[in-house]
Amino acid sequence: MRTLILFLLLLAGIYFARRLLARTSEGLRKRQPRHPASERMVACAHCGLHVPESEAVIVDGVGFCSPEHRRLHHDDRA
Ligand SMILES: [Zn+2]
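Just so you know, these numbers come straight off a predicted model, no measurement behind them.

Thresholds applied
- Residues numbered from 1 in each chain as written.
- Predicted model: local features only at pLDDT ≥ 70, side-chain atom pairs only at ≥ 80, totals over all residues.
- Helix = DSSP H or I, 4+ residues; strand = E, 2+ residues; numbered from the N terminus.
- Buried ≥ 20, exposed ≤ 12 C-beta atoms within 10 Å, placed from the backbone.
- Contact = placed C-beta atoms within 7 Å.

## Here's the deal with the overall build of the protein chain
Along its length, the protein chain carries two helices and four strands. Listed by position from the N terminus, the elements making up the protein chain come as α-β-β-β-β-α. Counting all 78 residues of the protein chain, 9% fall into the buried class. Sequence-distant contacts in the protein chain: of pairs separated by 6 or more residues, those separated by 24 or more amount to 9%.

Quick look at the structure:
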């Protein structure tokens with residue numbers, strides 16, 4: 001019985017390790033074209049964090065890292 005459980009655990013371990021490896025290499029392949037090194041970075045006007053232009057929230061030429069920071073920034077000024 002103990003041997004069976006150990007065997008199943010081993011199989012599960014191999015299964016998860018393979019899935020993790022597959023996902024990691026797939027993620028790297030997918031990420032590279034989406035974030036080329038040449039993409040412009042935008043500094044968040046609220047916290048200063050730099051985010052790729054495609055992911056930034058840009059309002060009136062001012063960039064933010066997230067809609068939340070856009071909202072907070074406008075709240076500060078009001
Ligand atoms: Zn921010």
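## Quick look at the environment of P67
Within the secondary structure layout, P67 lies in helix α2 (residues 67-77). Of the residues examined, P67 has 10 C-beta atoms within 10 Å and is grouped as exposed. Distance in space between the C-alpha atoms of P67 and V57 is 6.3 Å, their sequence separation being 10 residues.

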